[in-house]
Structure formats: C-alpha cells, structure tokens
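Topology and contacts: notes
Take a look at the letters that make up each chain.
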Amino acid sequence: MTTASTDTATGTTGERGDILAVAREQVLERGEGLSEAQVLEVLQLPAERLTEALALAHEVRMRWCGPDVEVEGIVSLKTGGCPEDCHFCSQSGLFDSPVRAAWLDKDRLVEAAKQTAKTGATEFCIVAAVRGPDEKLMEQIRVGVAAIRAEVDINVACSLGMLTQDQVDRLAAMGVHRYNHNLETARSHFPEVVTTHTWEERWETLQMVRAAGMEVCCGGIVGMGESLAQRAEFAVQLAELEPDEVPMNFLIPNPGTPFAHLDVPQGPDALLTIAAFRLAMPKTVLRFAGGRELTLGDLGAEQGMLGGINAIIVGNYLTNLGRPVEQDLEMLETLKMPIKALNDTL
Amino acid sequence: MFCSFCGGETASGDHERCRARLSLIDPPRYCAECARKMVVQVDPMGWTARCSRHGERTSAEAAQR
C-alpha cells in the first residue's frame, strides 16, 4: 500500500518525488525493480505522462537487456477439451465455446517448428490444453521434441499445465529449454479467474521447473477485471518469481467464456501496463503475446516495442490468429531492433 | 449461409463485429454452409477448418479468394 499522496493531475508524489524520476534513479541506474506501491503509482499516472513512462521503460530495457528482440512461435498440440475452468479460455470443455477438440500430428508439429525457425525465431513452444500431462501426452512430447531437435535449429519450450516432479525431470531430460506456466493474474484476483485449481499449485510447478534447470516462462493476461492495485500486485509477484521470460497477453473476450462480456483492454491502459511491468522487472525478457492485435493495433505494437517490450510471438497463437509474420519482422527492421540469434540464447 | 464466427444466419442479425474478428484474429469456427462447429487447427502460419459434412477449408484457400 502506498503512503504517498498522488497529485492526480500530474502523477507526481509529494513525499517521495515524482515516480518516474524515482524510477530513473532506482531502475535505470541501479537495475532495481519498482516495489508494488511504486508500480501502482506508475499505473495511476495521467494519460499525458504515458509517452514519458514508455520512453523511460524503453531506456531501461536498452540498458539492462540490450537492443535484441527474442522471437518465438507457438503451436497448440492438443486443442480444446480442457477440464479446467480458466474463465478467459475458449479451450475449456466446461464452457459452450465454438472451439472443438483437436490434436496436431507429429509431422505437422515438426513442420510448424520449421516454419517458425525460418522467421529467425529462437524459441518454439509446444502447448497443450490440459490440467497436466498424462502418459499419452508425455510420450507425444518425447517423440515430438526429439524430432524437432533432430531436424530444426531452434530451442524447444513446452506449456503443458501443472507438472509432477517426475514429469519435470523427464521434460528436462528431453532437452526442453524453457517451460511456460502462467500465473495469469494477481494472487488476490486468481479465484475470480480460475476455480478448479489454485495460484499456489501453479507456483509449485514453477519452482520445480526452476530447480530442474529449465528456464521459467511465466506471465499472464491484462484486462480480466483486476484493479490497478491487483495489476501492481501481479507485477511484483512475477518479479519475486524471477522468471526468465514474462509473456504479456491482453484479454480477448472469446464467445462462450465467462469473460466474453468484458471489454477489450484499451490501448493506453495496456501500454502503461507494459511500461510498469518493465519498471518492475528491468532485466527480464518481456514478451508481446496474445491480444495485442485487438488492444493495440499496428501503431500500438510499435509503441509497445519502444516502451519496454523486448520479445515477441510471431505468427498465430493457439486458437487466435496473429499479424502476418512479415509485418512484425518489418516492424523490427524499421525500429532497428535486431532479432536475437540462437547462440545468444543458450 | 451462416456466419463463420457466431454460427448465426448471415441474412439476419448484425454480423459487423463478427466480420471484424474474422478479419483480425479469428479463424472460422462454424461451417458457412450448415453452421456446424468445425474442428479447427491453428498453426504458426495458417489454419485448417474441417466440417464433418462439407469438408476442409484452409487459410491458403481463403487467402486466394
């Protein structure tokens, strides 16, 4: 909780000084992320200070991460029919969603990895809509990862829900480079988003992943009815996790889901959140993920890349489509942001 | 004919929002000929959508139209 009184007209705080000035010294100069109260101050900045916040977040990204952009592609190995009730997700079997269950075969999986590698991407993430993997899925992952590693020059990541220690160890032994498991939202808001499992169960999986030597990828979705205070809470909870990568999604209100009635997050709100997350996590890979097309459009995507983002998912997502790959690659070229090379990721 | 986003009849109702979603971020979910839910697979560069009655459509075919 902040004790500083904020002037809502300027976003400045009387007791501690202007939050962006504080962030410049604390985050940019010393590399120390903002506290929860400080992140909230950034999120409460008035609209006329958005450009300034983005510029500072960009400086922080350039200082602590460099100009390179990490490019990734993702694919859904198992779509739909999930037993969990994540309220944003069209793949839950508990909702009347138009998404029907489907499996991707090994040949198409390898082809998807090849197509992704051709874009210059260094990461390819295999995703399954499950609570956690069963033996059938673990075997498909084993075969699929081996085939990709044999044929494609790309790091393989997985996102298969909650894991047991044995499954963590087996994925690490397969050579899975990074594991994605999003906390999705602040701990205090999680029960409004998911009721079939807990935030703490997700946290436990992430700890096992880290201990097994895989990189940790953990982010969430902005715009699921959380307050600004909960958004600040989430940023700091992610920072405490110290993930290697944080994917930032923006809610896509999908038909049939409990969140179908929510509004698409507004662009300025999303951009300020990007800046705030960068100021909370100066050294983390912060990735543009799903929903940016609706929330930010083309111009907003560029603003995000100049406001703290240093990684991007190119191509399509799991059930939704992304911008044409060429458009994102042209954007990076225009912004003079080089794509991170594979040998820089290992 | 039926809306590929919501499955409603295209002749009735307002499908402007559906068209916007289909043009930006959504593959077809309902068969335009019979409104059955299709089995859709999205991959990084495209999609396929299969209706049990009317067969498969692909993003490559859709782009040629």
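Residues numbered from 1 in each chain as written. Chains lettered and ligands numbered in written order. Predicted model: local features only at pLDDT ≥ 70, side-chain atom pairs only at ≥ 80, totals over all residues.

1. What about the overall build of chain B?
Helices and strands together make up the secondary structure of chain B, namely two helices and three strands. Tracing chain B from N to C terminus, the helices and strands come up as α-β-β-β-α. Against the compact-globule benchmark of 11 Å for 65 residues, chain B has a radius of gyration of 11 Å, which places it among compact chains. With respect to the three principal axes, the spread of C-alpha positions in chain B is 30 × 25 × 20 Å. Taken over 65 residues, chain B has a buried fraction of 32%. (Helix = DSSP H or I, 4+ residues; strand = E, 2+ residues; numbered from the N terminus. Rg over C-alpha atoms; globule rule 2.2 N^0.38 Å. Buried ≥ 20, exposed ≤ 12 C-beta atoms within 10 Å, placed from the backbone.)

2. A look at the overall build of chain A
Regarding its fold elements, chain A presents 12 helices and 12 strands. Principal-axis analysis of the C-alpha atoms places the extent of chain A at approximately 60 × 40 × 35 Å. Taking all 346 residues of chain A together, 54% fall into the buried category. Sequence separation of 24 or more characterises 78% of the internal contacts of chain A that already satisfy a separation of 6 or more. (Contact = placed C-beta atoms within 7 Å.)

3. Brief notes about the packing of helix 9 (residues 267-280) of chain A against helix 11 (residues 297-305) of chain A
Axis angle and axis distance: for two packed helices, these are the angle between their axes and the distance between the axes, and together they describe the pair. Residues and elements named next belong to chain A. One way to put it is that helix 9 packs onto helix 11 with a least axis distance of 10 Å and a crossing angle of 15°. In this view, helix 9 runs roughly parallel relative to helix 11, as classed from their interaxial angle. Once helix 9 is placed against helix 11, the crossing between them reads as right-handed. Touching G267, L271 and I274 of helix 9 are G300, Q303 and G304, all from helix 11. The class makeup of the residues in the contact of helix 9 with helix 11 is two nonpolar, four polar and no charged. (Axes fitted to C-alpha atoms, helices over the stretch in contact; angles between N-to-C directions. Parallel < 35°, antiparallel > 145°, perpendicular 65-115°, else oblique. Left-handed = near helix turned anticlockwise from the far one by under 90°. Nonpolar A, V, L, I, M, F, W, Y, C, P; charged D, E, K, R; others polar.)

4. Considerations on the interface of chain A and chain B
At the interface, 22 residues of chain A touch 15 residues of chain B. Of all elements in the fold, only strand 3 (70-79), helix 4 (106-118) and helix 10 (292-295) of chain A reach the threshold of two or more residues within the side of chain A that touches chain B. Considered class by class, the residues forming the side of chain A that touches chain B number 10 nonpolar, nine polar and three charged.

5. Comments concerning helix 9 of chain A
Each turn of an α-helix holds 3.6 residues, which means side chains three or four residues apart point in the same direction. Residue and element names in this part refer to chain A. An ideal rise of 1.5 Å per residue puts 20 Å on 14 residues; helix 9 measures up with 20 Å between its terminal C-alpha atoms. For helix 9, a buried count of 12 out of 14 residues is recorded, marking the element as mostly surrounded by other parts of the structure. Every buried residue belonging to helix 9 is among G267, A270, L271, L272, T273, I274, A275, A276, F277, R278, L279 and A280, and all of these are buried. (Expected span 1.5 Å × (residues − 1).)

6. Re the confidence of the model for chain B
Residues and elements named next belong to chain B. Mean pLDDT for chain B: 94, with 98% of residues reaching 70 or above. Mean pLDDT values over the elements of chain B span from 87, in helix 2 (residues 59-64), up to 97, in strand 2 (residues 46-51). Interface confidence for the predicted complex, expressed as ipTM, amounts to 0.94; the pTM equals 0.94. (pLDDT = per-residue confidence, 0-100.)

7. Describing the packing of helix 2 (residues 36-43) of chain A against helix 9 of chain A
Residues and elements named next belong to chain A. Two elements in contact, helix 2 and helix 9, have axes whose closest approach is 9 Å; the angle formed by their N-to-C orientations is 155°. Regarding the angle of helix 2 to helix 9, the classification is roughly antiparallel. For the crossing formed where helix 2 meets helix 9, the hand is right-handed. Together, V39, V42 and L43 of helix 2 and L272, T273, A275, A276, L279 and A280 of helix 9 make up the contact between the two elements. Each residue belonging to the contact of helix 2 with helix 9 can be placed in one class, and the counts come to eight nonpolar, one polar and no charged.

8. Remarks on unusual backbone geometry
Residue and element names in this part refer to chain A. Of note, E184 is a non-glycine position whose phi angle comes to about 75°, a positive value. With a phi angle near 55°, E242 is a residue other than glycine that sits in the positive phi range. Following the sequence through the fold, E242 ends up in the loop between helix 8 (228-241) and strand 10 (245-250). With 12 C-beta atoms counted inside 10 Å, the residue E242 sits in the exposed group.

9. Some details on the sheet that holds strand 3 (residues 55-58) of chain B
Residues and elements named next belong to chain B. What the three strands build is an open sheet, ordered 1-2-3; its pairing is antiparallel. Every interior strand has two partners, whereas the edge strands, strand 1 (39-43) and strand 3, have only one. Adjacent strand axes in the sheet meet at a mean angle of 15° when their direction is disregarded. (Pairing = 2+ DSSP bridges.)

10. Examining the nonpolar core
Residues V39(A), V42(A), A235(A), A275(A), A276(A), L279(A) and A280(A) are the most contacted members of the largest nonpolar core, which totals 113 residues. If near-sequence neighbours (up to four positions away) are discounted, A276(A) is found in contact with V39(A), V42(A), L43(A) and A235(A). (Core = buried A, V, L, I, M, F, W, Y, C linked by C-beta atoms within 7 Å.)

11. Description of helix 3 (residues 50-64) of chain A
All names here are of chain A. With 15 residues, helix 3 ought to run about 21 Å at 1.5 Å a step, and its terminal C-alpha atoms sit 21 Å apart, in line with that. Regarding helix 3, the residues found buried are A53, L54, L56, A57, H58, V60 and R61. On the buried face of helix 3, the contacting elements are helix 1 (19-29), helix 2, helix 9 and helix 11. After helix 3 finishes, the residue G66 shows a positive phi value of roughly 90°.

12. Considering the confidence of the model for chain A
Looking at chain A as a whole, the pLDDT averages 94, with 95% of positions reaching at least 70. pLDDT under 50 marks residues 1-6 of chain A. Its contacts with residues more than four places away, or in other chains, come to 15 contacts.

13. Considerations on the environment of Y179(A)
All names here are of chain A. Residue placement: Y179 occurs in strand 7 (residues 178-180). Taking the number of C-beta atoms within 10 Å as the measure of exposure, Y179 has 26 and is therefore buried. For Y179 and V60, which are 119 residues apart along the polypeptide, the C-alpha to C-alpha distance reads 26 Å. Setting aside its immediate chain neighbours within four residues, Y179 contacts A157, C158, L171, V209, M214, V216 and C217.

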